[in-house]
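Observations on chain architecture
Letter by letter, the chains look like this.
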Amino acid sequence: MISGAATIEGTLSLARRHPSLQYNRLGKTGWTVSPAGFGCYRVAAGFTPHFDAMVDALDSGINLIDTSTNYTDGASEQLVGQVLAHLISKDRMAREEVVVVSKVGYLQGQNYALSQERKQQGHPFPELVPYGKGLEHCIHPDFIEDQLDRSLERLGLETLDLLLLHNPEYYLGWAAGKGRDIAEAREIFYQRIHRAFAHLEKEVDQGRIQGYGISANTFPASAADSEFVSLEQVCEMDSLVSRKNHFYAIQFPMNLYESGALLEENQKGGRSLLETARKETLGVLINRPFNAFDGNRLVRLAEVEKIRRHTDEQVIQAITLLNKSETVLWRKLLPAMDLPMPLKNRVREQAAVGNQLKHHWRNFGHYERWRQFKDGLLWPHMQGVFDFLQPYAGQVDGLDQWLGTHRQKLESAVRAVGSLYVETVYREMDALRRKVKEADADWDADASLSQLALRALRSTTGVDTVLIGMRQVQYVDDVLNEIGRPVSMAGRAGSWRRLAAALKGV
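Analysis parameters
Residues numbered from 1 in each chain as written. Predicted model: local features only at pLDDT ≥ 70, side-chain atom pairs only at ≥ 80, totals over all residues. Heavy atoms only, no water. Axes fitted to C-alpha atoms, helices over the stretch in contact; angles between N-to-C directions. Helix = DSSP H or I, 4+ residues; strand = E, 2+ residues; numbered from the N terminus. Parallel < 35°, antiparallel > 145°, perpendicular 65-115°, else oblique. Left-handed = near helix turned anticlockwise from the far one by under 90°. Contact = heavy atoms within 4.5 Å. Nonpolar A, V, L, I, M, F, W, Y, C, P; charged D, E, K, R; others polar. Phe/Tyr/Trp six-rings, centres within 6.5 Å; stacked < 30°, edge-to-face > 60°. Buried < 20%, exposed > 50% of the residue type's maximum accessible area, 1.4 Å probe, protein only. Lys NZ or Arg CZ within 6 Å of the ring centre and 35° of its normal. Core = buried A, V, L, I, M, F, W, Y, C linked by side-chain atoms within 4.5 Å.

**Here's the deal with the packing of helix 12 (residues 341-351) against helix 14 (residues 367-389)**
The N-to-C vectors of helix 12 and helix 14 enclose an angle of 140°; their axes lie 8 Å apart at closest approach. Our classification of the angle between helix 12 and helix 14 gives oblique. Crossing geometry of helix 12 relative to helix 14 is assigned as left-handed. Contact residues: helix 12 offers Leu343, Val347, Gln350 and Ala351, while helix 14 offers His381, Met382, Gly384, Val385 and Phe388. Residue composition of the contact of helix 12 with helix 14, by class: six nonpolar, three polar and no charged.

Now the structure itself:
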């Protein structure tokens, strides 16, 4: 186990070693943190690119890591533990220099299986919220204690710096869906927050955490929203728990399209969420900086490569070549492998990308739907196939050559189909980039769209760290290039209003 925890002196020492980066103070903790933090939503132990990216980020001065007990079913926390152990053992970082944040609340995967087992044994976790198939939610002290045990073990830490309640508003959404009285649901909700905070104070006393907070998607929402979480009421709950409490930080979404944290006057006296957080000296962590919701539409705030549009004939040809290559796999290569038939059928089904493209290449409608299919389904499935087949490359005649040529055919087909959807989204992103630059003189930089999105956030007073998923070294480099550019901190409410007005037409 790694002893120690983040300290004022340690984090300041790290910041001094990286003078080109503009660090911030994280609320009342006094810790000095990098303006961009390493978000761990989609990283996992066992993936070398994820390990290398996190090592590169921490070596380069990023010193806040944000994970959760449910991210990649615990493998995200395991990766964090492995990276920290590696860097500390090599004397490239001290435990006192890095702030580690995790979250608790979701029951998915292993946690969901544990919950069902406890139910069968007659002692379920109290106050479970049955949110959906394979998904429950809970912030009861019994569950928090259980999850912190597991979290510390996966992280390999004696002390976690911050533990956040992860989207506790799930209870409010569940209650609204059941037709419960909203006033009564809110009363129960804040009582649950109070009990959770009381337990978290005990965890602080035991030295297992340094502080706690809440990550809520609806902190910036309208006060009339049934799932709205009032920061002021949360602070009242904490003051009832302890006069000298350890409620240190909040986390919520903010991006170019979703600026409610600054523009929505949802607190008493017409204050915004960011203003109230500053009044309470709370650390502010921003999530979803590059994934924005514009109404019901998801907008990815990142550069899109401009690809020459392929003709329909070129798309069909690329898909046909991919299909022929897949046929070689299941007619020639798989039969030569000593594998049980169910496993061969599974490989065949997972590799049948060409067939999916053949029937659906015209039907994605918008680039974002195509990107989600490509990045969330197509490439993960095919990478699994490649990883499975690679050990057999020296045993089956022709397999090694097939692995190389098939990847090329797959990339060609993906590029051909993607070219049909890129042109429209490229124009949209180009217009968005212009709107951002026009909204504020300090945002008028020669930078990529993701860098501009980060620049707008990190230059706004009250934002301490922007959490970014840096799953590859190239993503780390993109972030470092931006946070290495000087920019002044200011309120910028006028800039965000101008941008909001301009984006209504984008």
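**Here's the deal with the packing of aromatic side chains**
A complete count under the given rule lists 15 aromatic pairs for this structure. Between Tyr131 and Tyr170, the ring centres sit 4.2 Å apart and the planes meet at 35°, which makes this aromatic pair tilted. Linking Tyr131 in strand 7 (residues 129-132) with Tyr170 in helix 6 (residues 170-177), this pair joins segments that are 39 residues apart in sequence. Geometrically, the ring pair formed by Tyr212 and Phe247 is stacked, given 6.3 Å between the ring centres and 25° between the ring planes. Of the two residues, Tyr212 sits in strand 10 (residues 209-215) while Phe247 sits in strand 11 (residues 247-253), which places them 35 residues apart along the sequence. For the residue pair Tyr212 and Phe247, the accessibility class agrees, reading buried in each case. Members of the aromatic cluster, each reached through a chain of ring pairs, are Phe364, Trp370, Phe373 and Tyr421. Residue placement shows Arg118 over the ring face of Phe125; its charged tip is 3.9 Å from the ring centre. One residue, Arg348, lies across the ring of Trp330, its end atom 4.6 Å from the ring centre.

**Things to note about the nonpolar core**
The biggest cluster of nonpolar side chains holds 146 residues, and the ones touching the most others in it are Met54, Leu165, Ile250, Phe252 and Leu256. With 16 residues, helix 15 (residues 399-439) is the largest single contributor of residues to this core. Residues within four places of Leu256 in sequence aside, it is in contact with Leu301, Leu432, Val436, Leu449, Ala453, Ala456, Trp496, Leu499 and Leu503. Counting residues in each nonpolar core, the second largest holds 13 residues, with Ala6, Val33, Ala249 and Leu285 among its members.

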